[in-house]
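Inside the fold
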Amino acid sequence: MNTPKPVSETRLHHQFMSIFLVAYMAYAVSYTMLLPYLASLGYTSSERGLILSGTAVIAMIGQFLFGFLCDKYKTVKKMYVLTTILFIILVYLAYSVTQAAFFFHLITISLMGGFFRIVVGLLDSWTIERDPILQKNYGVIRAFGSIGWIIGSPLTVMILNRSGYGSFALWVAVLSILTLIIGSTLGDAQKVVHQAPIKLSDIKLLLRKKQYLVLVSILIIINITLYADAYTIVDKILKLGGTNADISNKWVIQALCELPLFFFGSLVYKRFSAKTLLMVGIFMFGVRFLLSAFATSAVQLVWIALTQLVTFPFILLSSKMLINDESPGHLKSTGQLLGLALYTGLSALVSPLISGFLVDAIGTDNTLLFFAGLCLVPLVLGLWYRTMKPAYDLD
(Lines give C-alpha, C1' and ligand atoms only; values in the text may rest on other atoms or scores of the structure.)
Protein backbone atom coordinates (compact mmCIF):
# COMPACT_ATOMS: atom_id res chain seq x y z
CA MET A 1 0.00 0.00 0.00
CA ASN A 2 1.29 3.50 -0.85
CA THR A 3 1.69 5.25 2.49
CA PRO A 4 1.87 9.08 2.43
CA LYS A 5 3.68 11.09 5.08
CA PRO A 6 1.77 11.16 8.37
CA VAL A 7 -0.39 14.23 8.88
CA SER A 8 -2.47 15.09 11.94
CA GLU A 9 -6.08 13.97 11.58
CA THR A 10 -7.34 17.48 12.36
CA ARG A 11 -5.22 19.10 9.67
CA LEU A 12 -6.14 16.41 7.17
CA HIS A 13 -9.85 16.97 7.79
CA HIS A 14 -9.52 20.75 7.58
CA GLN A 15 -7.64 20.62 4.28
CA PHE A 16 -10.16 18.32 2.59
CA MET A 17 -13.05 20.35 4.01
CA SER A 18 -11.48 23.46 2.47
CA ILE A 19 -11.03 21.74 -0.88
CA PHE A 20 -14.66 20.61 -0.95
CA LEU A 21 -15.89 24.07 0.07
CA VAL A 22 -14.02 25.91 -2.68
CA ALA A 23 -14.38 23.19 -5.34
CA TYR A 24 -18.18 23.08 -5.01
CA MET A 25 -18.35 26.86 -5.28
CA ALA A 26 -16.63 26.45 -8.65
CA TYR A 27 -18.96 23.60 -9.63
CA ALA A 28 -22.02 25.72 -8.73
CA VAL A 29 -20.83 28.59 -10.91
CA SER A 30 -20.30 26.25 -13.86
CA TYR A 31 -23.54 24.27 -13.53
CA THR A 32 -26.49 25.94 -11.74
CA MET A 33 -27.37 28.34 -14.58
CA LEU A 34 -26.64 25.92 -17.42
CA LEU A 35 -30.29 25.27 -18.33
CA PRO A 36 -31.24 28.99 -18.27
CA TYR A 37 -28.11 29.63 -20.39
CA LEU A 38 -29.21 27.14 -23.04
CA ALA A 39 -32.78 28.47 -22.91
CA SER A 40 -31.50 32.04 -23.35
CA LEU A 41 -29.74 30.97 -26.55
CA GLY A 42 -33.08 29.83 -27.98
CA TYR A 43 -32.53 26.06 -27.90
CA THR A 44 -35.66 23.90 -27.76
CA SER A 45 -36.30 21.31 -25.04
CA SER A 46 -35.20 18.54 -27.40
CA GLU A 47 -31.99 20.36 -28.31
CA ARG A 48 -31.23 21.04 -24.65
CA GLY A 49 -31.86 17.38 -23.86
CA LEU A 50 -29.49 16.27 -26.59
CA ILE A 51 -26.73 18.60 -25.37
CA LEU A 52 -27.17 17.44 -21.77
CA SER A 53 -27.14 13.80 -22.87
CA GLY A 54 -23.80 14.43 -24.53
CA THR A 55 -22.32 15.18 -21.11
CA ALA A 56 -23.23 11.66 -20.04
CA VAL A 57 -21.29 10.04 -22.88
CA ILE A 58 -18.15 11.94 -21.90
CA ALA A 59 -18.72 11.16 -18.21
CA MET A 60 -19.17 7.43 -18.79
CA ILE A 61 -16.03 7.12 -20.87
CA GLY A 62 -14.00 9.48 -18.70
CA GLN A 63 -14.98 8.08 -15.29
CA PHE A 64 -14.18 4.55 -16.39
CA LEU A 65 -10.91 5.61 -18.02
CA PHE A 66 -9.65 7.75 -15.15
CA GLY A 67 -10.73 5.19 -12.55
CA PHE A 68 -8.74 2.55 -14.38
CA LEU A 69 -5.72 4.87 -14.73
CA CYS A 70 -5.86 5.74 -11.01
CA ASP A 71 -5.56 2.10 -10.03
CA LYS A 72 -3.04 1.26 -12.76
CA TYR A 73 -0.64 4.10 -11.89
CA LYS A 74 -1.46 4.15 -8.14
CA THR A 75 -2.47 7.82 -8.06
CA VAL A 76 -5.71 9.78 -7.73
CA LYS A 77 -4.27 13.19 -6.89
CA LYS A 78 -2.42 13.61 -10.19
CA MET A 79 -5.51 12.65 -12.15
CA TYR A 80 -7.55 15.16 -10.13
CA VAL A 81 -5.07 17.93 -10.94
CA LEU A 82 -5.06 17.06 -14.66
CA THR A 83 -8.85 16.90 -14.99
CA THR A 84 -9.33 20.12 -12.99
CA ILE A 85 -7.10 22.01 -15.43
CA LEU A 86 -9.03 20.56 -18.38
CA PHE A 87 -12.33 21.44 -16.67
CA ILE A 88 -11.29 25.12 -16.37
CA ILE A 89 -10.49 25.27 -20.09
CA LEU A 90 -13.80 23.61 -21.01
CA VAL A 91 -15.87 26.01 -18.87
CA TYR A 92 -14.27 28.91 -20.75
CA LEU A 93 -15.11 27.35 -24.12
CA ALA A 94 -18.67 26.38 -23.14
CA TYR A 95 -19.65 29.92 -22.09
CA SER A 96 -17.52 31.80 -24.64
CA VAL A 97 -20.13 31.87 -27.43
CA THR A 98 -23.33 33.56 -26.22
CA GLN A 99 -25.40 32.98 -29.34
CA ALA A 100 -26.94 29.85 -30.81
CA ALA A 101 -24.28 27.55 -32.31
CA PHE A 102 -25.69 24.10 -31.72
CA PHE A 103 -22.79 21.85 -32.69
CA PHE A 104 -20.27 24.07 -30.89
CA HIS A 105 -22.32 23.95 -27.68
CA LEU A 106 -23.05 20.25 -28.13
CA ILE A 107 -19.31 19.56 -28.10
CA THR A 108 -18.12 22.07 -25.52
CA ILE A 109 -20.95 21.66 -22.99
CA SER A 110 -20.83 17.89 -23.35
CA LEU A 111 -17.13 17.99 -22.53
CA MET A 112 -17.59 20.50 -19.71
CA GLY A 113 -20.44 18.55 -18.12
CA GLY A 114 -18.59 15.27 -18.54
CA PHE A 115 -15.44 16.58 -16.89
CA PHE A 116 -17.54 18.15 -14.12
CA ARG A 117 -18.65 14.63 -13.15
CA ILE A 118 -15.17 13.18 -13.63
CA VAL A 119 -13.59 15.77 -11.31
CA VAL A 120 -16.29 15.25 -8.67
CA GLY A 121 -15.74 11.50 -8.79
CA LEU A 122 -11.97 11.83 -8.50
CA LEU A 123 -12.28 14.21 -5.55
CA ASP A 124 -14.51 11.67 -3.79
CA SER A 125 -12.09 8.83 -4.52
CA TRP A 126 -9.08 10.86 -3.35
CA THR A 127 -10.87 11.66 -0.08
CA ILE A 128 -12.16 8.15 0.61
CA GLU A 129 -8.86 6.45 -0.24
CA ARG A 130 -6.49 8.99 1.33
CA ASP A 131 -7.03 7.78 4.89
CA PRO A 132 -9.53 5.45 6.62
CA ILE A 133 -10.53 8.23 9.00
CA LEU A 134 -11.59 10.36 6.01
CA GLN A 135 -13.75 7.55 4.68
CA LYS A 136 -15.35 7.24 8.11
CA ASN A 137 -16.06 10.99 8.23
CA TYR A 138 -16.77 11.46 4.53
CA GLY A 139 -20.25 12.83 5.26
CA VAL A 140 -18.87 15.72 7.33
CA ILE A 141 -16.29 16.53 4.66
CA ARG A 142 -18.92 16.34 1.89
CA ALA A 143 -21.08 18.75 3.91
CA PHE A 144 -18.56 21.47 3.11
CA GLY A 145 -19.24 20.75 -0.55
CA SER A 146 -22.90 21.55 0.11
CA ILE A 147 -21.88 24.74 1.90
CA GLY A 148 -19.78 25.65 -1.13
CA TRP A 149 -22.81 25.02 -3.35
CA ILE A 150 -24.95 27.20 -1.05
CA ILE A 151 -22.44 30.04 -1.45
CA GLY A 152 -21.86 29.39 -5.14
CA SER A 153 -25.50 29.38 -6.27
CA PRO A 154 -26.37 33.01 -5.34
CA LEU A 155 -22.82 34.00 -6.31
CA THR A 156 -23.59 32.68 -9.80
CA VAL A 157 -26.73 34.84 -10.06
CA MET A 158 -24.73 37.87 -8.90
CA ILE A 159 -22.00 37.20 -11.48
CA LEU A 160 -24.61 36.70 -14.19
CA ASN A 161 -26.44 39.94 -13.37
CA ARG A 162 -23.21 41.96 -13.28
CA SER A 163 -21.02 40.44 -15.97
CA GLY A 164 -22.99 37.88 -17.98
CA TYR A 165 -22.34 34.23 -18.73
CA GLY A 166 -18.94 34.94 -20.30
CA SER A 167 -17.41 35.77 -16.91
CA PHE A 168 -18.16 32.36 -15.37
CA ALA A 169 -14.87 30.89 -16.56
CA LEU A 170 -12.72 33.41 -14.65
CA TRP A 171 -14.46 32.60 -11.38
CA VAL A 172 -14.25 28.86 -12.00
CA ALA A 173 -10.54 29.20 -12.80
CA VAL A 174 -9.74 31.19 -9.64
CA LEU A 175 -11.69 28.85 -7.37
CA SER A 176 -10.40 25.66 -9.00
CA ILE A 177 -6.78 26.77 -8.88
CA LEU A 178 -7.29 27.55 -5.20
CA THR A 179 -8.33 23.92 -4.62
CA LEU A 180 -5.11 22.76 -6.29
CA ILE A 181 -3.06 25.06 -4.06
CA ILE A 182 -4.80 23.75 -0.93
CA GLY A 183 -4.32 20.16 -2.05
CA SER A 184 -0.70 20.57 -3.14
CA THR A 185 0.63 19.54 0.29
CA LEU A 186 -1.77 16.61 0.72
CA GLY A 187 -0.65 13.07 0.07
CA ASP A 188 -2.12 10.85 -2.60
CA ALA A 189 -4.65 8.07 -2.12
CA GLN A 190 -3.34 4.99 -0.33
CA LYS A 191 -3.38 2.32 -2.99
CA VAL A 192 -3.27 -1.40 -2.28
CA VAL A 193 -0.17 -2.88 -3.92
CA HIS A 194 -1.23 -5.68 -6.22
CA GLN A 195 1.20 -8.39 -7.30
CA ALA A 196 0.42 -7.88 -10.98
CA PRO A 197 -0.34 -4.64 -12.84
CA ILE A 198 -4.02 -3.69 -13.03
CA LYS A 199 -5.49 -4.92 -16.32
CA LEU A 200 -8.82 -4.45 -18.00
CA SER A 201 -9.49 -8.12 -17.28
CA ASP A 202 -9.46 -7.32 -13.55
CA ILE A 203 -12.72 -5.47 -14.06
CA LYS A 204 -14.33 -8.90 -14.40
CA LEU A 205 -13.84 -9.19 -10.63
CA LEU A 206 -16.40 -6.43 -10.29
CA LEU A 207 -18.80 -7.25 -13.10
CA ARG A 208 -19.13 -10.95 -12.26
CA LYS A 209 -20.35 -10.19 -8.74
CA LYS A 210 -24.14 -10.19 -8.46
CA GLN A 211 -24.05 -7.75 -5.54
CA TYR A 212 -22.15 -5.10 -7.52
CA LEU A 213 -24.39 -5.45 -10.56
CA VAL A 214 -27.66 -5.27 -8.59
CA LEU A 215 -26.43 -2.26 -6.60
CA VAL A 216 -25.36 -0.43 -9.76
CA SER A 217 -28.72 -1.23 -11.38
CA ILE A 218 -30.55 0.30 -8.41
CA LEU A 219 -28.35 3.40 -8.60
CA ILE A 220 -28.80 3.75 -12.37
CA ILE A 221 -32.59 3.87 -12.09
CA ILE A 222 -32.72 6.23 -9.12
CA ASN A 223 -30.17 8.53 -10.74
CA ILE A 224 -32.37 8.72 -13.84
CA THR A 225 -34.97 10.17 -11.48
CA LEU A 226 -32.42 12.40 -9.77
CA TYR A 227 -31.37 13.96 -13.08
CA ALA A 228 -35.01 14.38 -14.07
CA ASP A 229 -35.35 16.54 -10.96
CA ALA A 230 -32.59 18.82 -12.24
CA TYR A 231 -34.12 19.00 -15.72
CA THR A 232 -37.90 18.55 -15.55
CA ILE A 233 -38.59 20.40 -12.30
CA VAL A 234 -36.34 23.31 -13.31
CA ASP A 235 -38.15 23.38 -16.65
CA LYS A 236 -41.51 23.51 -14.83
CA ILE A 237 -40.25 26.39 -12.68
CA LEU A 238 -39.46 28.35 -15.85
CA LYS A 239 -42.83 27.45 -17.44
CA LEU A 240 -44.65 28.68 -14.33
CA GLY A 241 -42.94 32.04 -14.65
CA GLY A 242 -40.11 31.39 -12.22
CA THR A 243 -36.90 33.42 -12.37
CA ASN A 244 -33.18 32.68 -12.15
CA ALA A 245 -33.49 33.62 -8.47
CA ASP A 246 -36.14 30.90 -7.99
CA ILE A 247 -33.83 28.33 -9.56
CA SER A 248 -30.96 29.52 -7.38
CA ASN A 249 -33.19 29.29 -4.30
CA LYS A 250 -34.08 25.71 -5.20
CA TRP A 251 -30.37 24.78 -5.34
CA VAL A 252 -29.65 26.65 -2.09
CA ILE A 253 -32.51 24.96 -0.21
CA GLN A 254 -31.43 21.54 -1.45
CA ALA A 255 -27.84 22.15 -0.39
CA LEU A 256 -28.93 23.44 3.03
CA CYS A 257 -31.06 20.35 3.55
CA GLU A 258 -28.08 18.12 2.85
CA LEU A 259 -26.04 19.56 5.71
CA PRO A 260 -27.65 17.83 8.73
CA LEU A 261 -27.11 14.33 7.38
CA PHE A 262 -23.64 15.08 6.07
CA PHE A 263 -22.62 16.42 9.49
CA PHE A 264 -24.38 13.80 11.59
CA GLY A 265 -24.61 10.97 9.10
CA SER A 266 -22.13 8.82 11.02
CA LEU A 267 -24.61 8.69 13.91
CA VAL A 268 -27.50 7.74 11.60
CA TYR A 269 -25.42 5.08 9.84
CA LYS A 270 -24.45 3.54 13.18
CA ARG A 271 -28.13 2.90 13.89
CA PHE A 272 -29.38 2.05 10.40
CA SER A 273 -27.66 0.16 7.60
CA ALA A 274 -26.62 1.83 4.37
CA LYS A 275 -29.00 -0.50 2.51
CA THR A 276 -31.97 0.63 4.61
CA LEU A 277 -31.19 4.33 4.24
CA LEU A 278 -30.70 3.93 0.49
CA MET A 279 -34.26 2.63 0.26
CA VAL A 280 -35.58 5.51 2.39
CA GLY A 281 -33.94 7.97 -0.02
CA ILE A 282 -35.46 6.21 -3.05
CA PHE A 283 -38.96 6.22 -1.51
CA MET A 284 -38.77 9.93 -0.68
CA PHE A 285 -37.67 10.73 -4.23
CA GLY A 286 -40.96 9.21 -5.38
CA VAL A 287 -42.80 11.44 -2.90
CA ARG A 288 -40.93 14.51 -4.20
CA PHE A 289 -42.05 13.86 -7.78
CA LEU A 290 -45.66 13.30 -6.71
CA LEU A 291 -45.65 16.65 -4.90
CA SER A 292 -43.97 18.38 -7.85
CA ALA A 293 -46.54 17.01 -10.30
CA PHE A 294 -49.36 18.68 -8.36
CA ALA A 295 -47.52 21.96 -7.67
CA THR A 296 -49.19 25.02 -9.20
CA SER A 297 -46.52 27.69 -8.70
CA ALA A 298 -42.77 28.15 -8.88
CA VAL A 299 -42.70 28.96 -5.16
CA GLN A 300 -44.27 25.60 -4.32
CA LEU A 301 -41.64 23.82 -6.39
CA VAL A 302 -38.88 25.71 -4.59
CA TRP A 303 -40.25 24.65 -1.19
CA ILE A 304 -40.68 21.04 -2.29
CA ALA A 305 -36.88 21.06 -2.52
CA LEU A 306 -36.95 20.65 1.28
CA THR A 307 -37.41 16.91 0.65
CA GLN A 308 -33.70 16.92 -0.20
CA LEU A 309 -33.18 16.36 3.54
CA VAL A 310 -34.10 12.68 3.17
CA THR A 311 -33.30 11.94 -0.48
CA PHE A 312 -29.95 12.82 -2.05
CA PRO A 313 -27.76 12.58 1.11
CA PHE A 314 -29.04 9.07 1.89
CA ILE A 315 -28.47 7.97 -1.69
CA LEU A 316 -25.02 9.58 -2.02
CA LEU A 317 -23.57 8.35 1.28
CA SER A 318 -25.08 4.88 0.96
CA SER A 319 -23.85 4.47 -2.62
CA LYS A 320 -20.26 5.39 -1.67
CA MET A 321 -20.26 2.97 1.27
CA LEU A 322 -21.93 0.11 -0.58
CA ILE A 323 -19.84 0.41 -3.76
CA ASN A 324 -16.73 0.38 -1.56
CA ASP A 325 -18.00 -2.78 0.18
CA GLU A 326 -18.63 -4.53 -3.13
CA SER A 327 -15.15 -3.73 -4.59
CA PRO A 328 -11.92 -5.72 -3.95
CA GLY A 329 -9.09 -3.88 -2.17
CA HIS A 330 -6.90 -3.28 -5.23
CA LEU A 331 -9.81 -2.02 -7.36
CA LYS A 332 -11.37 0.57 -5.04
CA SER A 333 -10.97 3.51 -7.48
CA THR A 334 -12.09 1.39 -10.42
CA GLY A 335 -15.10 0.19 -8.44
CA GLN A 336 -16.11 3.74 -7.46
CA LEU A 337 -15.51 5.39 -10.83
CA LEU A 338 -16.81 2.50 -12.94
CA GLY A 339 -19.93 2.64 -10.78
CA LEU A 340 -20.13 6.40 -11.30
CA ALA A 341 -19.65 5.96 -15.05
CA LEU A 342 -22.57 3.55 -15.11
CA TYR A 343 -25.03 4.98 -12.62
CA THR A 344 -24.40 8.67 -13.27
CA GLY A 345 -23.26 8.42 -16.88
CA LEU A 346 -26.07 6.22 -18.17
CA SER A 347 -28.59 8.13 -16.07
CA ALA A 348 -27.42 11.50 -17.36
CA LEU A 349 -27.59 10.14 -20.90
CA VAL A 350 -31.06 8.63 -20.65
CA SER A 351 -32.83 11.04 -18.29
CA PRO A 352 -32.87 14.21 -20.43
CA LEU A 353 -33.88 12.23 -23.51
CA ILE A 354 -36.75 10.54 -21.66
CA SER A 355 -37.75 13.81 -20.01
CA GLY A 356 -37.73 15.77 -23.28
CA PHE A 357 -39.72 13.12 -25.14
CA LEU A 358 -42.31 12.66 -22.37
CA VAL A 359 -42.79 16.39 -21.78
CA ASP A 360 -43.57 16.85 -25.48
CA ALA A 361 -45.80 13.76 -25.58
CA ILE A 362 -47.75 13.84 -22.31
CA GLY A 363 -46.88 17.15 -20.61
CA THR A 364 -44.71 18.13 -17.67
CA ASP A 365 -47.01 16.98 -14.86
CA ASN A 366 -47.58 13.51 -16.32
CA THR A 367 -43.84 13.22 -16.85
CA LEU A 368 -43.28 13.94 -13.16
CA LEU A 369 -45.85 11.26 -12.29
CA PHE A 370 -43.98 8.81 -14.52
CA PHE A 371 -40.74 9.41 -12.62
CA ALA A 372 -42.56 9.02 -9.30
CA GLY A 373 -43.75 5.58 -10.47
CA LEU A 374 -40.29 4.71 -11.75
CA CYS A 375 -38.99 4.84 -8.16
CA LEU A 376 -40.90 1.61 -7.46
CA VAL A 377 -38.40 -0.36 -9.58
CA PRO A 378 -35.28 0.37 -7.46
CA LEU A 379 -37.38 -0.12 -4.32
CA VAL A 380 -38.20 -3.69 -5.39
CA LEU A 381 -34.58 -4.33 -6.39
CA GLY A 382 -33.53 -2.88 -3.04
CA LEU A 383 -35.59 -5.47 -1.16
CA TRP A 384 -33.68 -8.19 -3.02
CA TYR A 385 -30.32 -6.50 -2.47
CA ARG A 386 -30.96 -6.28 1.29
CA THR A 387 -30.88 -10.08 1.45
CA MET A 388 -27.36 -10.29 -0.05
CA LYS A 389 -24.11 -10.36 1.89
CA PRO A 390 -21.22 -8.05 0.78
CA ALA A 391 -19.23 -9.48 -2.14
CA TYR A 392 -15.95 -9.12 -0.23
CA ASP A 393 -15.06 -9.44 3.43
CA LEU A 394 -15.09 -6.05 5.16
CA ASP A 395 -11.98 -4.96 6.99
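Whatever comes next refers back to the structure up there.
Computed from a predicted model, the values in this text were never measured in an experiment.

Observations concerning the overall build of the chain
- When its secondary structure is counted, the chain shows 17 helices and zero strands.
- A compact globule built from 395 residues should have a C-alpha radius of gyration of about 21 Å, and the chain, at 20 Å, falls within 12% of that.
- Taken along its principal axes, the extent of the C-alpha atoms in the chain is 60 × 45 × 35 Å.
- Burial status across the chain gives 60% buried among its 395 residues.
- Residue pairs in contact within the chain that sit at least 24 positions apart in sequence constitute 87% of those at least 6 positions apart.
- Counting only carbon and sulfur atoms, one obtains 69% of the accessible surface of the chain, whose full area is about 15800 Å².
- In the chain, 29 side chains carry a positive charge and 18 a negative one; their mean positions are 5 Å apart.

Digging into the packing of aromatic side chains
- Scanning the entire structure with this criterion turns up 23 aromatic pairs.
- Ring centres of Phe-20 and Tyr-138 lie 6.4 Å apart, and the angle between their planes is 80°; this geometry places the pair in the edge-to-face category. With a gap of 118 residues between them, Phe-20 in helix H1 (residues 9-31) and Tyr-138 in helix H7 (residues 138-163) connect regions that are remote in the sequence. No difference in accessibility class separates Phe-20 from Tyr-138, as the two residues are buried.
- An angle of 50° between the planes, with centres 4.7 Å apart, marks the rings of Tyr-37 and Tyr-95 as tilted. With Tyr-37 in helix H2 (residues 34-40) and Tyr-95 in the loop between helix H4 (77-94) and helix H5 (102-130), the pair connects residues that are 58 residues apart, well separated along the chain. As far as burial versus exposure is concerned, Tyr-37 and Tyr-95 are alike and both buried.
- The cationic tip of Lys-250 hangs over the ring face of Trp-251; the distance from NZ or CZ to the ring centre is 5.9 Å.
- Here the guanidinium or amino end of Lys-275 rests over the ring plane of Tyr-385, the centre of that ring lying 4.4 Å away.

Thoughts on empty space enclosed by the protein
- Within the structure shown, the criterion is met by six cavities of 30 Å³ or more.
- Taken as a whole, the largest cavity spans an internal volume of roughly 720 Å³.
- Tallying contributions element by element places helix H10 (residues 210-239) first for the lining of the largest cavity, with six residues.
- Of the residues that constitute the lining of the largest cavity, the class distribution is 18 nonpolar, nine polar and seven charged.
- Along the walls of the second largest cavity sit 15 residues, with Leu-35, Ser-45, Arg-48, Tyr-231 and Asp-235 positioned nearest its centre.
- Counting residues per element, the ones that place at least two in the lining of the second largest cavity are H2, helix H3 (45-73), H10 and helix H15 (332-362).

A word on a nonpolar patch on the surface
- Where nonpolar side chains cluster on the molecular surface, the patch consists of Val-81, Leu-82, Ile-85, Leu-86, Ile-89, Tyr-92, Leu-93 and Phe-104 and spans about 640 Å² of accessible area.
- It is H4 that contributes the most residues to the nonpolar patch, seven residues altogether.
- The topology assignment puts Phe-104 in helix H5.

Looking at the packing of H7 against helix H11 (residues 244-271)
- With their axes 8 Å apart at the nearest point, H7 and H11 run at an angle of 165° to one another. The orientation of H7 with respect to H11, classified from their angle, is roughly antiparallel. Crossing hand, H7 versus H11: left-handed.
- Here the contact of H7 with H11 is built from residues that sort into 16 nonpolar, five polar and two charged.

Points about the environment of Met-284
- Positionally, Met-284 belongs in helix H12 (residues 274-293).
- In this structure the C-alpha to C-alpha distance between Met-284 and Ala-372, which are 88 residues apart in sequence, comes to 9.5 Å.
- Discounting chain neighbours no more than four positions away, the residues touching Met-284 are Val-310 and Thr-311.

Points about the side chain of Lys-236
- By the element assignment, Lys-236 lies in helix H10.
- Among the residues examined, Lys-236 registers a relative accessible area of 5% and is labelled buried.
- Beyond its immediate chain neighbours, meaning those up to four positions away, Lys-236 contacts Ser-292, Ala-293, Ala-295, Leu-301, Thr-364, Asp-365 and Leu-368.

Here we look at the nonpolar core
- Counting residues in hydrophobic clusters, the biggest one holds 121 residues, and the most contacted among them are Tyr-27, Tyr-80, Phe-87, Tyr-95, Leu-123 and Trp-149.
- Sorting elements by how many residues they give to this core places H10 first, with 18 residues.
- In this structure Tyr-80 touches Ile-19, Ala-23, Tyr-27, Val-119, Leu-122, Leu-123, Trp-126, Thr-179 and Leu-180, once residues within four positions along its chain are discounted.

Each value, and the rule that gives it
Residues numbered from 1 in each chain as written. Predicted model: local features only at pLDDT ≥ 70, side-chain atom pairs only at ≥ 80, totals over all residues. Heavy atoms only, no water. Helix = DSSP H or I, 4+ residues; strand = E, 2+ residues; numbered from the N terminus. Rg over C-alpha atoms; globule rule 2.2 N^0.38 Å. Buried < 20%, exposed > 50% of the residue type's maximum accessible area, 1.4 Å probe, protein only. Contact = heavy atoms within 4.5 Å. Areas by Shrake-Rupley, 256 points an atom, 1.4 Å probe, with all protein chains shown as cover. Lys, Arg positive; Asp, Glu negative; His and termini not counted. Charge placed at Lys NZ, Arg CZ, Asp CG, Glu CD. Phe/Tyr/Trp six-rings, centres within 6.5 Å; stacked < 30°, edge-to-face > 60°. Lys NZ or Arg CZ within 6 Å of the ring centre and 35° of its normal. 1 Å grid on protein atoms, 1.4 Å probe; cavity = no way out; pocket = protein on both sides within 12 Å on 5 of 7 lines; lining within 4 Å. Points joined across faces, edges and corners; volume = space filled by probe spheres on them. Nonpolar A, V, L, I, M, F, W, Y, C, P; charged D, E, K, R; others polar. Patch = residues over 30% accessible without salt bridge, like charges linked within 9 Å, V, L, I, M, F, W, Y side chains within 5 Å. Salt bridge = Lys/Arg side-chain N within 4 Å of Asp/Glu carboxyl O. Axes fitted to C-alpha atoms, helices over the stretch in contact; angles between N-to-C directions. Parallel < 35°, antiparallel > 145°, perpendicular 65-115°, else oblique. Left-handed = near helix turned anticlockwise from the far one by under 90°. Core = buried A, V, L, I, M, F, W, Y, C linked by side-chain atoms within 4.5 Å.

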